[in-house]
Number of protein chains: 2
Amino acid sequence: MSQPRTRVIKVHANDNVAIVVEQGGLGEGTVLDDGLVLTVPIPQGHKVTLEDIATGEDIVRYGEVIGTATAPIPRGGHVNETNVRLPRAPALHDLPLATRPAPSAEPLEGYTFEGFRNPDGSVGTKNVLGITTSVQCVAGTVDYVVSRIKQELLPRFPNVDDVVGLNHTYGCGVAINAPAAIVPIRTLKNISLNPNFGNEVMVIGLGCEKLQPSTLVEDRPVKIYENTEAADPEANVLSLQDESFQGFGDMIEGIMAMAERHLERMNRRRRETCPASELVVGMQCGGSDAFSGVTANPAVGFATDLIVRAGGSVMFSEVTEVRDAIHLLTPRTADETVGRALIEQMEWYDRYLEGGQADRSANPSPGNKRGGLSNVVEKALGSVIKSGTSPIVDVIGPGERIRRKGLTFAATPASDFICGTLQLAAGMNLQVFTTGRGTPYGLSMVPVIKMSTNSTLGQRWHDLIDLDAGRIATGEASIEELGWELFHLILDVASGRHQVAADRLGLHNDLVLFNPAPVT
Amino acid sequence: MSQPRTRVIKVHANDNVAIVVEQGGLGEGTVLDDGLVLTVPIPQGHKVTLEDIATGEDIVRYGEVIGTATAPIPRGGHVNETNVRLPRAPALHDLPLATRPAPSAEPLEGYTFEGFRNPDGSVGTKNVLGITTSVQCVAGTVDYVVSRIKQELLPRFPNVDDVVGLNHTYGCGVAINAPAAIVPIRTLKNISLNPNFGNEVMVIGLGCEKLQPSTLVEDRPVKIYENTEAADPEANVLSLQDESFQGFGDMIEGIMAMAERHLERMNRRRRETCPASELVVGMQCGGSDAFSGVTANPAVGFATDLIVRAGGSVMFSEVTEVRDAIHLLTPRTADETVGRALIEQMEWYDRYLEGGQADRSANPSPGNKRGGLSNVVEKALGSVIKSGTSPIVDVIGPGERIRRKGLTFAATPASDFICGTLQLAAGMNLQVFTTGRGTPYGLSMVPVIKMSTNSTLGQRWHDLIDLDAGRIATGEASIEELGWELFHLILDVASGRHQVAADRLGLHNDLVLFNPAPVT
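Residues numbered from 1 in each chain as written. Chains lettered and ligands numbered in written order. Predicted model: local features only at pLDDT ≥ 70, side-chain atom pairs only at ≥ 80, totals over all residues.

Scanning chain A from terminus to terminus reveals 13 helices and 21 strands. The C-alpha atoms of chain A give 24 Å as radius of gyration, which agrees with the globular expectation for 520 residues (24 Å, within 12%). Projected onto the principal axes, the alpha-carbon positions of chain A cover approximately 85 × 50 × 40 Å. Looking at the 520 residues of chain A, the share that counts as buried comes to 61%. Taking contacts inside chain A between residues at least 6 apart in sequence as the whole, the part at least 24 apart equals 71%. (Helix = DSSP H or I, 4+ residues; strand = E, 2+ residues; numbered from the N terminus. Rg over C-alpha atoms; globule rule 2.2 N^0.38 Å. Buried ≥ 20, exposed ≤ 12 C-beta atoms within 10 Å, placed from the backbone. Contact = placed C-beta atoms within 7 Å.)

All names here are of chain B. Of all 5 residues making up strand E20 (residues 448–452), 5 are buried, and the element is well covered by its neighbours. The side-chain alternation of E20 yields two buried faces, one formed by Val448, Lys450 and Ser452 and the other by Ile449 and Met451. With 5 bridges joining them, strand E19 (residues 430–435) and E20 adopt parallel strand pairing. Across the sheet, Thr434 pairs through a bridge with Met451, a residue of E20. Pairing of E20 with strand E21 (residues 467–468), which is carried by 2 bridges, proceeds in the parallel orientation. Across the sheet, the residue bridging to Ser452 is Asp468, located in E21. Read as a crossover between parallel neighbours, the route from E20 over helix H10 (residues 455–460) to E21 is right-handed. (Pairing = 2+ DSSP bridges. Right-handed = clockwise from strand over helix to strand, strands pointing away.)

Let's shift gears to helix H2 (residues 182–191) of chain B. Since the α-helix advances by 3.6 residues per turn, residues separated by three or four positions end up pointing in the same direction. Residues and elements named next belong to chain B. Where burial is concerned, most of H2 is hidden: 7 out of the 10 residues are buried. Every buried residue of H2 is accounted for by Val183, Pro184, Ile185, Thr187, Leu188, Lys189 and Ile191. Structurally, H2 contributes buried residues whose contacts are with strand E10 (128–133), strand E11 (162–166) and helix H9 (416–426).

What follows deals with the pairing of E11 of chain B. Looking along a regular strand, one sees side chains alternate from face to face of the sheet. Residues and elements named next belong to chain B. Of all 5 residues in E11, 4 are buried; the element is thus mostly enclosed. Sheet topology note: the E10/E11 ladder contains 5 bridges and is parallel. Looking at the pairing, Gly130 lines up with Val164 of E11. With helix H1 (residues 139–153) bridging E10 and its parallel neighbour E11, the resulting β-α-β unit is right-handed.

Bringing the relation of the copies chain B and chain A into the picture now. Overlay of chain B on chain A (RMSD 0.0 Å): rotation 180°, translation along the axis 0.0 Å. The operation mapping one copy onto its partner corresponds to a two-fold rotation axis. It is Gly355 of chain B whose C-alpha, among those of chain B, lies nearest the rotation axis, at 3.7 Å. Comparing interface residues between copies, 100% of those in chain B also sit at the interface in chain A, which points to an isologous, same-surface contact. (Least-squares fit on C-alpha atoms with pLDDT ≥ 70 in both.)

Attention shifts here to the packing of H2 of chain B against H9 of chain B. Helix packing for two helices is described by the angle between their axes and how far apart those axes are. All names here are of chain B. The N-to-C vectors of H2 and H9 enclose an angle of 60°; their axes lie 7 Å apart at closest approach. Taken together, the axis directions place H2 and H9 in an arrangement best described as oblique. Judged by the sense of rotation from one axis to the other, the crossing of H2 with H9 is left-handed. Between H2 and H9, the contacting residues are Thr187, Asn190 and Ile191 on the first element and Thr421, Leu422, Leu424 and Ala425 on the second. Looking at the contact of H2 with H9 residue by residue, the class counts come to 4 nonpolar, 3 polar and no charged. (Axes fitted to C-alpha atoms, helices over the stretch in contact; angles between N-to-C directions. Parallel < 35°, antiparallel > 145°, perpendicular 65-115°, else oblique. Left-handed = near helix turned anticlockwise from the far one by under 90°. Nonpolar A, V, L, I, M, F, W, Y, C, P; charged D, E, K, R; others polar.)

Let us now look at the interface of chain B and chain A. At the interface, 72 residues of chain B touch 72 residues of chain A. For the side of chain B that touches chain A, the elements supplying multiple residues, two or more each, are H1, helix H3 (248–266), helix H6 (336–355), helix H7 (366–370) and H9 of chain B. The leading source of residues in the side of chain B that touches chain A is H1 of chain B, at 4 residues. Across the side of chain B that touches chain A, the residue classes break down as 34 nonpolar, 30 polar and 8 charged.

This next bit is on the environment of Gln459 of chain A. As for its placement among the helices and strands, Gln459 of chain A is situated in helix H10 (residues 455–460). On a C-alpha basis, the gap between Gln459 of chain A and Gly470 of chain A in space is 9.6 Å, while along the polypeptide they are 11 residues apart.

Here we come to the domain arrangement of chain A. Put simply, an interface is often sized by how much accessible area is lost when its parts join up. You can read the domains of chain A as domain 1 (1–85), domain 2 (115–266) and domain 3 (281–505). Taking only C-alpha atoms into account, the centre of domain 1 of chain A sits 53 Å from that of domain 2 of chain A. (Domains from an automatic or database assignment.)

Let's shift gears to the packing of helix H4 (residues 296–309) of chain B against helix H12 (residues 479–494) of chain B. Residue and element names in this part refer to chain B. The geometry of H4 relative to H12 is characterised by a closest axis approach of 8 Å and an angle of 60° between their N-to-C directions. The orientation of H4 relative to H12 falls into the category oblique. Relative to H12, the crossing made by H4 is right-handed. Residue-level contacts link Pro298, Ala299, Val300, Phe302, Ala303, Leu306 and Ile307 of H4 to Ile479, Glu480, Leu482, Gly483, Leu486, Phe487 and Ile490 of H12.

Attention shifts here to the UniProt feature "domain: SAF" (unreviewed entry) in chain A. On the UniProt side, "domain: SAF" (unreviewed entry) is annotated at positions that read residues 15–85 of chain A here. Secondary structure content for residues 15–85 of chain A is 0% helix and 30% strand, and the end C-alpha separation is 17 Å. (UniProt positions renumbered as here; feature names shortened; annotations may be inferred.)

Residue and element names in this part refer to chain B. Backbone geometry places Tyr62, a non-glycine residue, at a positive phi of 55°. Examined against the element boundaries, Tyr62 turns out to sit in the loop between strand E4 (58–61) and strand E5 (64–69). The residue Asn199 is not glycine, and still its phi comes out positive at about 60°. When the 17 C-beta atoms within 10 Å are taken as the criterion, Asn199 is described as partly exposed.

Time to look at the sheet that holds E10 of chain B. All names here are of chain B. Pairing is parallel in the open sheet, where 4 strands are placed in the order E11-E10-E12-E13. Two strands lie at the open edges of the sheet, namely E11 and strand E13 (237–239), each paired on one side alone. On average, adjacent strands in this sheet sit at an angle of 20° to one another, irrespective of strand direction.

Backbone-to-backbone hydrogen bonds join strands into a sheet, with any given pair of strands oriented parallel or antiparallel. Residue and element names in this part refer to chain B. If you walk across this open sheet you meet the 4 strands as E1-E2-E3-E6, and the pairing is antiparallel. Because the sheet does not close on itself, it has two edges, and the strands there are strand E1 (8–9) and strand E6 (78–79). Two strands pair when backbone bridges link them, and strand E2 (residues 17–20) and strand E3 (residues 47–49) are joined in this way by 3 bridges, in the antiparallel orientation. Pairing of Ile19 across the sheet is with Lys47, part of E3.

Before going further, it helps to examine the nonpolar core. Within the largest apolar cluster, 332 residues are counted, with the highest numbers of intra-cluster contacts made by Ile490 of chain A together with Ile490 of chain B. It is helix H12 (residues 479–494) of chain A that provides the largest number of residues to this core, a total of 9 residues. Setting aside residues no more than four positions away along its own chain, Ile490 of chain B makes contact with Leu279, Val281, Ala303, Leu430 and Ile449 of chain B. (Core = buried A, V, L, I, M, F, W, Y, C linked by C-beta atoms within 7 Å.)

When the pLDDT values of chain A are averaged, the result is 95; 99% of them are 70 or greater. Across the assembled chains, the prediction reports ipTM 0.93 with pTM 0.95. (pLDDT = per-residue confidence, 0-100.)

Turning next to H1 of chain B. Residue and element names in this part refer to chain B. Between its first and last C-alpha atoms H1 spans 20 Å; for 15 residues at 1.5 Å apiece the expected length is 21 Å, and the two agree. Of all the positions in H1, only Ala139, Gly140, Thr141, Val142, Tyr144, Val145, Val146 and Ile149 are classed as buried. Buried residues along H1 sit against E10, E11, strand E12 (202–205) and H3. (Expected span 1.5 Å × (residues − 1).)

Below you can see the structure in the form of structure tokens.
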């Protein structure tokens, strides 16, 4: 590629700002190709004005108004969080629903990966024993026993990749009858059904907790493990308070015995060739910067369209980072029912934030701002690009399972860990995570491909980043090229042929449940 | 002791119910000493009526009304959650404040323990390097590095007991400007000052998070660790995104180097003889049963009074389990200001629950009910007994530090893990935890003495329970005897002479922050 070095990026013809690409930023007095002279130094990722902007005039990026100027900004000036007024969020009552015809997208055929096919028809990308927990009280015990299982049992079951304790902070000391309690409860239940756990549900409970373990397996027969010679080999629930356990040592032996039965069945599983339509990919971004919407997220959007064309499933999420771009999404819903469901999720979150006397100005974070994002509108416009151009065929609430192939909006908070947890519950078998500022994010249940939005980070975090999208900003690669690269990487990772950085290092976050109800 | 075998316990002269002590319960037709005949089988811990109770009549336990009968219950009948109507919570507007004179309590002198005295005057019961974290994003990295520190550094510093990563789920993706955000933020800051961390504050942050690491050390000079030859030996903040780190390996080396400086200083610390007045004990109960208020909690209350008489500090907590007994506590406040502060905490929580459409009927848990607790009133009456008879000298909000010697009400949710986390933030150096149903609770930061309320549990969980208060129900020991036994055990554990069960097994819960504000 022999393109000239890119120094600023203007995304849309109507934009009156552009983003500084140069590592280290551009100094005052720098003259750009078109004669534009910088009136102040502008850091990398930050916005330079392409024309004089008067107080009250619109600042336009991605072809959309991200706010109005609070002071005059001359051509060549610096736009940041101090001189942009946050506009109102788009009203929700008269948005166009399902008005944009789906772009013609040729089916993509012949792409496959090597996955673990499950009894329920889903396909895993790993073969992991997930130990579900009904209550935080058992977390210490589960940590203890998982360590023992890894050391003493796992070596005997070479086809099982890992054992993971699904610890969390819910289950007791919570308002279990509050309306919003449905969210954490269905999340826990659905996580146990994630394709990477191979339909082997194993729940450890305490006994006296509010969230009774049987609730978590209610779709299948509850089989209680008791510490007897005739323990049920199909047992799926064990309570530490069960009177058959004479102390801690006994509990541990019981859990080990129960786990062994599950591991025996899981060890018989083998990868088989599956069509790319069995992919269920969660898209997420965290620690964003102004490049997110120019490099990594557009490449993710391109890959999203490829997966959808291949018949697969993609989720995008993060309500608070979608809210300000909602007018771009409702036209893309497949029908009015889906459109209304999308709006309902926005309304729910508006009320939830209002109830806590919070508003959307709490986003972006200080690091987002240092990375050049002036406000949540600009962040949202860059975030929704992950969804590509496909029609939105479904909307699911937090903790619900995905229901359709194609592009689904899975409503979640933007918090990386809560979003990841809810996408796990929805049934993703792989996650793509883009970051501009950098975060050592990882999940033990499904592989996470981490993409940097700028090469400064991609190079500095050489051992943490799986794919650098910064090459798009410098002109070294196109969005399409990186989108295809990501698509192929997804197939390799899903097949177990390529190990992601977080798995290589063993960097894994805990689950974080979304509990909008009170604790007690 | 040659007392007759106790089969039922009546706590107060005015009670019209008593608790079945017998392991396995009592069968229908059982005749008690006074000729009372059981009309139905009654499980252990459950209530038998001592007289005929008509529909609408009061059911009285601890000399207090726990509810009214929803149906006639004959003498010898079974009172449980199905035939007791929950009364309204006591009104908060006209409670008597500071009306009960403090009982005359002779000072208790001459009791000491071997503790670690800190620069700020507080005294630790362990010598632990606590690694504070500003955001959940660093949790995986901190887990990784703590494991390395334990293996590679800790053996060289034999006077340091442990290294603990203070991971949590706060810091970003949260409404940091919401009014209630003050709670999790001050909690994190104050935990880093817990006496067991020896005033060695070391914060690992990411860099772009909303909760900036400097906020957590704002009382002392912020000294940033940079990965250079001349790294500040006094550094107390390290951010993973710092540009001096070239990737993950570099970050880990940086954290190890920073930890080493802290460990060198901590290794010079030695235990010294300290008066019992330096104890700061958190009292808590979890997995309660009907014995809690008859055995373990009264013994805890007795020990509370001993510690207060020795000049020490005791906290009791758990707003939702205090709310229904508030009329017993406001008279005990030291003055009207403290009384009003106590009521304000109740009012705050009433509003908080109402905001989530939850109410107090969500407590007790199913296990509490199986253990004989009919409703939250009965649970509360048994819970507040932990506070003994001393005057309440202060009330602190969730996440605040304790300010006075004597008995403090530290307002927290009743959730075991949140209460424990907030008592850590308040500055406890030891916790006492009573349980009837059994929970393998433990903290890595301070020792937790676990007491069983009944000997069935005490015997079955022989390797998890530190002290069995069930001996009170059977008449083998008096409340006073067990209170003194607990007091001596507290001094032994605080001195490092006695290791509690949770520490012996390495059973430790994660921190759980109380965040009443929304996530974003």
